[in-house]
Amino acid sequence: MRIILLGAPGAGKGTQAAVISKKLGTPHIATGDLFRAALGQGTDLGNKAKAYMDKGELVPDDITVAMVLERIALDDAQTGYILDGFPRTVNQGVALDQALEKNGESIDMAILVDVSDAELVKRLSGRSICRTCQTPYHSVNNPPKETGVCDLDGGELYQRDDDKAETVINRLQVYSNETAPLIQFFESQSKLVRINGEQDISVVEKQLLDIIETK
Ligand code: ADP
Ligand code: AMP
Ligand code: ZN
């Protein structure tokens, strides 16, 4: 199944994508994770993306789309995937549809994880992620067993620079201007499913799995 998780920064897409990915046995493809990994490796792609990420702006569509198309062409993505953080503009959505169409494929559903701005700010300010596997934690809502250490691989947890208050405000604005129009885009394709992302992590997880299993 090809699933898109749509939602503002901090909505819980990464948290939930990890669960669905495990359940369906399909990869979790997060464009933010791919950019951060490229940056960590000092590649051209990472260096190009850095200036945009630091400001909370979107990386240009051509760079982002090329990176995603390359990723979904890999063997492990042939039976499906969960896209997290992509598409983030209507142009990206159109480019993805066109590329899939060429192979007779299409997106099965776009799930909007809906969370208010006030809650998003609280989530992002308390978030830390693993330096090794990028799993997100939250100091109050979803703390690791041992402070500062990833439960999964013992990696060091750190706060993303772009989760600091100055950048968060811009990222929420960018979401509302550039990404929110995708809600209408997927609605017009009858692919949009909404979920209340303000519920407990386990409740959101259950509802998501129900939606996917009844598809
Ligand atoms: P996104 O991938 O959409 O940016 P994350 O999955 O990284 O969001 O979640 C953002 C923060 O909110 C993390 O610190 C995470 O632990 C926390 N979080 C995720 N889902 C919930 C939830 N349902 N309730 C409370 N906190 C949550
Ligand atoms: P995220 O980890 O999803 O919060 O993404 C972190 C940053 O990576 C964003 O603020 C953007 O700068 C960049 N990014 C991630 N996904 C995309 C995308 N689909 N289009 C453009 N930029 C993106
Ligand atoms: Zn880890």
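Residues numbered from 1 in each chain as written. Chains lettered and ligands numbered in written order. Predicted model: local features only at pLDDT ≥ 70, side-chain atom pairs only at ≥ 80, totals over all residues. Heavy atoms only, no water.

Colleague: With reference to specific residues and values, describe the overall build of the protein.
Modeller: Helices and strands together make up the secondary structure of the protein, namely nine helices and eight strands. Along the first, second and third principal axes, the C-alpha atoms of the protein reach 45 × 40 × 35 Å. Across the protein, the fraction of contacts at a sequence separation of at least 24, relative to all contacts at a separation of at least 6, is 69%. On the protein, roughly 10,800 Å² of surface is accessible, and the fraction owed to carbon and sulfur atoms is 50%. Looking at the protein, you have 23 positive and 32 negative side-chain charges, and the mean spots of the two groups are 1 Å apart. (Helix = DSSP H or I, 4+ residues; strand = E, 2+ residues; numbered from the N terminus. Contact = heavy atoms within 4.5 Å. Areas by Shrake-Rupley, 256 points an atom, 1.4 Å probe, with all protein chains shown as cover. Lys, Arg positive; Asp, Glu negative; His and termini not counted. Charge placed at Lys NZ, Arg CZ, Asp CG, Glu CD.)

Colleague: Got a sec to walk through the site of ligand 2? Specific residues and values, please.
Modeller: What surrounds ligand 2 is a group of 16 residues, the closest being T31, R36, E57, G85 and Q92. In the model, a nitrogen atom of ligand 2 is placed 2.9 Å from a nitrogen or oxygen of the Q92 side chain. In isolation ligand 2 exposes 480 Å². Once the protein is present, 95% of that is buried. Take the shell around ligand 2: its biggest share by element is four residues, from helix α2 (residues 31–40). A class-by-class count of the residues in the shell around ligand 2 yields five nonpolar, five polar and six charged. (Near = heavy atom within 4 Å. Polar contact = N/O pair within 3.5 Å; in protein donor to acceptor, adjacent residues only side chain to side chain. Nonpolar A, V, L, I, M, F, W, Y, C, P; charged D, E, K, R; others polar.)

Colleague: Tell me about the pairing of strand β1 (residues 2–6), and please be specific about residues and values.
Modeller: Burial analysis of β1 places five of its five residues in the buried class, which makes it a mostly covered element. Burial along β1 is two-sided: R2, I4 and L6 facing one way and I3 and L5 facing the other are all buried. Pairing between β1 and strand β3 (residues 81–84): four bridges, direction parallel. Considered in β3, the bridge of I4 is made with L83. (Buried < 20%, exposed > 50% of the residue type's maximum accessible area, 1.4 Å probe, protein only. Pairing = 2+ DSSP bridges.)

Colleague: Explain the packing of α2 against helix α4 (residues 61–72) to me, using residue names and the numbers behind them.
Modeller: Across the interface, α2 lies against α4 with an axial gap of 11 Å and an inter-helix angle of 95°. On the basis of the axis angle, α2 is roughly perpendicular to α4. Between α2, through T31, L34 and F35, and α4, the contact on the second element is made entirely by I63, T64, M67, V68 and R71. (Axes fitted to C-alpha atoms, helices over the stretch in contact; angles between N-to-C directions. Parallel < 35°, antiparallel > 145°, perpendicular 65-115°, else oblique.)

Colleague: Describe the coordination of the zinc ion (ligand 3), and please don't skip the residues or the numbers.
Modeller: The coordination sphere of the zinc ion (ligand 3), as far as protein atoms go, consists of C130 (SG), C133 (SG), C150 (SG), D153 (OD) and D153 (OD), spread over 2.2 to 2.5 Å. Counting residues between consecutive donors of the zinc ion (ligand 3) along the chain gives the motif C-x2-C-x16-C-x2-D. Of this pair, C130 sits in strand β5 (residues 127–130) while C150 sits in the loop between β6 (136–138) and β7 (157–158), and the two are 20 residues apart along the sequence. You'll find C130 and C150 in the same group, each marked buried. (Donors = N, O, S within 2.8 Å, 3.2 Å for Na, K, Ca; no water.)

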